[in-house]
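Take a look at the letters that make up each chain.
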Amino acid sequence: MTPASRLLFWIKAAFVGDAAIAAFGGILLAIGSETAALAVFAFVLVRAALGVAALLIAIRALERRDPNDDRPSSVR
């Protein structure tokens, strides 16, 4: 697994988590707990905004990499 694919995997995983939290907010809204649902939606909005910022930073970082470097990453 290359560093680029590992980085993109974890960023995408965060977006899946955001979707799950938003679904929980939808359930709260459906059962009538509007205040709690709005708090959950606000939390998801902040997390999604941070995720988009991380994705943009990752794209810029990956553009600076050597495109021919396909060596697997390793944790030392």
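The structure reproduced in this document is the subject of the present report. Quick caveat, the model's predicted, so the values are computed rather than measured. (Residues numbered from 1 in each chain as written. Predicted model: local features only at pLDDT ≥ 70, side-chain atom pairs only at ≥ 80, totals over all residues. Heavy atoms only, no water.)

1. Examining the overall build of the protein
Working step 1: Of regular secondary structure, the protein possesses 2 helices and 0 strands.
Working step 2: For the protein, the proportion of its 76 residues judged to be buried stands at 14%.
Working step 3: In the protein, the share of contacts with a sequence separation of at least 24, taken over all contacts with a separation of at least 6, comes to 65%.
Working step 4: Summed over its atoms, the accessible surface of the protein is roughly 5,800 Å², and 70% of this surface lies on carbon and sulfur atoms. (Helix = DSSP H or I, 4+ residues; strand = E, 2+ residues; numbered from the N terminus. Buried < 20%, exposed > 50% of the residue type's maximum accessible area, 1.4 Å probe, protein only. Contact = heavy atoms within 4.5 Å. Areas by Shrake-Rupley, 256 points an atom, 1.4 Å probe, with all protein chains shown as cover.)

2. Comments concerning a nonpolar patch on the surface
Working step 1: A surface patch of nonpolar side chains, amounting to about 250 Å² of accessible area, comprises Val52, Leu56 and Ile59.
Working step 2: Following the sequence through the fold, Val52 ends up in helix α2 (residues 34-63). (Patch = residues over 30% accessible without salt bridge, like charges linked within 9 Å, V, L, I, M, F, W, Y side chains within 5 Å. Salt bridge = Lys/Arg side-chain N within 4 Å of Asp/Glu carboxyl O.)

3. Here we look at the packing of helix α1 (residues 3-30) against α2
Working step 1: Their axes nearest at 9 Å, the elements α1 and α2 cross at an angle of 165 degrees. Put simply, α1 runs roughly antiparallel to α2. The element α1 and its partner α2 pack so that their crossing is left-handed.
Working step 2: A breakdown of the residues in the contact of α1 with α2 according to their chemical character gives 23 nonpolar, 3 polar and 3 charged. (Axes fitted to C-alpha atoms, helices over the stretch in contact; angles between N-to-C directions. Parallel < 35°, antiparallel > 145°, perpendicular 65-115°, else oblique. Left-handed = near helix turned anticlockwise from the far one by under 90°. Nonpolar A, V, L, I, M, F, W, Y, C, P; charged D, E, K, R; others polar.)

4. Comments concerning the side chain of Asp18
Working step 1: Here Asp18 is to be found in helix α1.
Working step 2: With residues up to four places along the chain from it excluded, the contact list for Asp18 reads Val44, Arg47 and Ala48.

5. Observations regarding the environment of Ala37
Working step 1: Its location among the elements puts Ala37 in helix α2.
Working step 2: Overall, the relative accessible area of 0% leaves Ala37 in the buried class.
Working step 3: Along the sequence, Ala37 and Ala23 sit 14 residues apart, while their C-alpha atoms lie 9.9 Å from each other.
Working step 4: Setting aside anything within four residues of it in sequence, one finds Ala37 in contact with Gly25, Leu28 and Leu29.

6. With respect to α2
Working step 1: Its 30 residues place the ends of α2 43 Å apart at the C-alpha level, agreeing with the 44 Å of an ideal helix rising 1.5 Å per residue.
Working step 2: Of the positions making up α2, those classed as buried are Ala37, Val40, Val44, Gly51 and Ala58.
Working step 3: The inward-facing, buried residues of α2 abut α1. (Expected span 1.5 Å × (residues − 1).)

Read these as layout, nothing more, since geometry by itself doesn't imply function.
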